[in-house]
Amino acid sequence: MKYISTRGQCEPHSFEEVVLTGLAPDGGLFIPETVPQLSGEQILSWKNLSYADLAYEIIRLYVDGAVEDDVLKQMVTDTYAEFSHPEVAPLHELGDNEWVLELFHGPTLAFKDFALQLLGRLLDYFLEKRQQHVAILGATSGDTGSAALEGCKHSKFVDIFILHPHNLVSEVQRKQMTTVAGNNVHNIAISGNFDDCQQLVKQAFSDQSFLPDGYQLAAVNSINWARIMAQIVYYFYAALKFLDKNEAVSFSVPTGNFGDIYAGYLAKKMGLPIDQLIIATNKNDILHRFVSQNQYNLRGLEASLSPSMDIMVSSNFERFIFDMFKGDADKVTAFVTGLSKELNQVSEDEWAFAKANFDSASINDEETCAVIKEVSDKYGYLLDPHTAIGVRAAQLCKRNSDIPMISLATAHPVKFTEAIERAGLEAPALPDHLADLLERDESYVVLPQDLTDVKSYIVKSL
Ligand SMILES: *Cc1c(COP(=O)(O)O)cnc(C)c1O
């Protein structure tokens, strides 16, 4: 299988190249040239597979021989053996036909472990084969950083540099990044917000001449295709728990960079019967404004109680825009590079396509806390603020109460205690394996929001 760029200005790439580079050379994002199609029968035949076995079946469709089947199978098995729950992604029932899919049983307690534990292994495999070194450069609004560092800390062929917005991630999140030991691990706090970090990363990728000979940059942020691929799996896993009794399921997805929900969109494109896919955002609501009003324009970033969704632009939305514009790469390029504060609209047909695929809602901080309190009182279950936004959006957008509604629980509540406390509840304790986290020694530098400083720090540290 080949991967093409959403901007149409580079040759199709192999899976191996796509994993190693992240962003396409023309600045676009890689998407599979064709999406594998599965019959209903084929999907149902996977009903009793374990998480790892199901992951292998789905992932191998996209890896398409780039890793030998037995090696891939071992990799996938090892990846999900690191998760602390035997089901890997267990479902928890809230109300009637209302479910939460717990995606926080990985090493860093957020859904990003599903992809990054695998990506670390894929990178190691390809780099070892090539005897090549890479510098991973990524920006994080919190959860990606620790998951990436955990996923890559053992790799002999990787140096990893993670930029996070200084003072804008929670203490637990910061500690989860800055206490990862390893001399290939480098944490950089940028005096700016997440979009500033993301901008620096994009700029560094666009001109890599500052690197010493033999080095290249690799991306592990959610634009990396392998991450999307790994995330497709849990949509199938959850849906299969219902698919003999029910004809379809719906998902509500706390959304920032649009990686997680794009994986759901692909699952649907592959043939999984998904009725509604709900984009749940906080007050940084560009996607909600687009889906509900056909308005796609920038607004200033607002800090919220769900910081992993505090972004102005959702990078992965470009992958969906490509489909919305029926594969017209020039149109995609003009649309995404022309994004500004000015009103930006698409045609009625294009907007109808977006609305046919997604519902959306935007939930503010006050409402987020109200949901956390409500669900705790009613069901004795503690939601993290991102998940709470998904749960409320599900309630607001649900069309058919006969169809199971599954909200993705993207993080463990212990990562975001501020929202829990503001909801008037007691913060949960850290799980055993992280019990001493807050006492561990930290290591990070603070740099200004300046590309030259970031580049020289990277070169100095390699
Ligand atoms: C990353 C993250 C999100 C947003 O996911 P995207 O793929 O960026 O849309 C939501 N919740 C939590 C807890 C996250 O870490």
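Each value, and the rule that gives it
Each chain carries its own residue numbering, running from 1 in the written order of its sequence. Owing to the predicted nature of the model, reporting of local features is limited to residues with pLDDT of at least 70; listing and counting of side-chain atom pairs is limited to 80 or more, with chain, interface and lining totals taken over all residues. Side-chain descriptors were evaluated using all non-hydrogen atoms of the structure, hydrogens and water having been removed beforehand. UniProt positions are given in the numbering used here, feature names are shortened, and annotations may be inferred rather than shown by experiment. Proximity is defined per residue: any heavy atom of the residue falling within 4 Å of a molecule or strand makes that residue near it. Note on areas: Shrake-Rupley, 1.4 Å probe, and residue coverage restricted to the protein chains presented here. Residues are grouped as follows: nonpolar covers Ala, Val, Leu, Ile, Met, Phe, Trp, Tyr, Cys and Pro; charged covers Asp, Glu, Lys and Arg; every other residue, Gly included, is treated as polar. Two aromatic rings from Phe, Tyr or Trp, using only the six-membered ring of Trp, form a pair when their centres are within 6.5 Å; if the ring planes differ by under 30 degrees the pair is stacked, by over 60 it is edge-to-face, and anything between is tilted. Every helix listed is a DSSP run of H or I at least four residues long, and every strand listed is a run of E at least two residues long, numbered separately from the N terminus. The buried label applies to any residue whose accessible area, calculated with a 1.4 Å probe on protein chains only, is under 20% of its type's maximum; exposed applies above 50%, and partly exposed to all values in between. Both a distance and an angle decide whether a charge sits over a ring: NZ of Lys or CZ of Arg must be within 6 Å of the ring centre and within 35 degrees of the ring normal. By the criterion applied in these results, polar contacts are pairs of N or O atoms within 3.5 Å in which, for protein atoms, one can donate a hydrogen and the other can accept it, and in which residues neighboring in sequence qualify only through two side-chain atoms. What makes two residues a contact is simply this: any of their non-hydrogen atoms within 4.5 Å. Here is how to tell: hold the view so the strands point away, follow the path from the first strand over the helix to the second, and if it runs clockwise the crossover is right-handed. In this description, strands pair whenever DSSP reports at least two bridges between them.

The protein is annotated in an unreviewed UniProt entry as Threonine synthase of SAR86 cluster bacterium. Per its UniProt entry, the protein bears the Sequence similarities (unreviewed entry) comment "Belongs to the threonine synthase family." Recorded in UniProt for the protein, the comment headed Cofactor (unreviewed entry) runs: "pyridoxal 5'-phosphate".

Undergrad: Explain the site of the ligand here, please?
TA: If you check the shell around the ligand, you find 15 residues, and the closest are Lys112, Asp143, Gly256, Asn257 and Asp260. In the complex, 97% of the free accessible area of the ligand, which totals 380 Å², lies under the protein chains. Its residues placed into classes, the shell around the ligand shows 5 nonpolar, 7 polar and 3 charged.

Undergrad: I would appreciate a short explanation of the packing of aromatic side chains in the present structure.
TA: Aromatic ring pairs are reported here in terms of the distance separating the ring centres and the angle at which the planes meet. The full count for this structure, using the stated rule, is 30 aromatic pairs. For the ring pair Phe325 and Phe335, a centre distance of 5.3 Å and an interplane angle of 90° mean the geometry is edge-to-face. On the criterion of sequence distance, the pair formed by Phe325 in the loop between helix H12 (317-324) and helix H13 (329-337) and Phe335 in helix H13 is long-range, its members being 10 residues apart. Here Phe325 and Phe335 have matching classes, each one buried. A cation over a ring is seen here: Lys355 above Trp351, with NZ or CZ 3.5 Å from the ring centre.

Undergrad: What's the story with the side chain of Ser304 in this structure? I'm lost.
TA: When you line up the elements, Ser304 lands in the loop between helix H11 (286-293) and H12. A distance of 2.9 Å separates the side chain of Ser304 from the side chain of Asn282, its partner in a polar contact. Side-chain polar atoms of Ser304 contact the side chain of Asp310, separated by 2.7 Å. The residues touching Ser304, leaving out its near neighbours within four places in the chain, are Asn282, Lys283, Asp310 and Asp365.

Undergrad: How do you make sense of the pairing of strand E7 (residues 185-190) when you look at a structure like this?
TA: It is a general feature of regular strands that their side chains alternate between the two faces of the sheet. For E7, the buried fraction is high: 6 of the 6 residues fall into the buried class. Covered by surrounding structure in E7 are Val185, Asn187 and Ala189 together with His186, Ile188 and Ile190, the residues of both alternating faces. Handedness of the crossover is the feature at issue here: the chain leaves strand E6 (residues 158-165), passes through helix H7 (residues 171-178), returns alongside E7, and the resulting connection is right-handed. Summarising the sheet, E7 and strand E13 (residues 445-447) pair through 3 bridges and their orientation is parallel.

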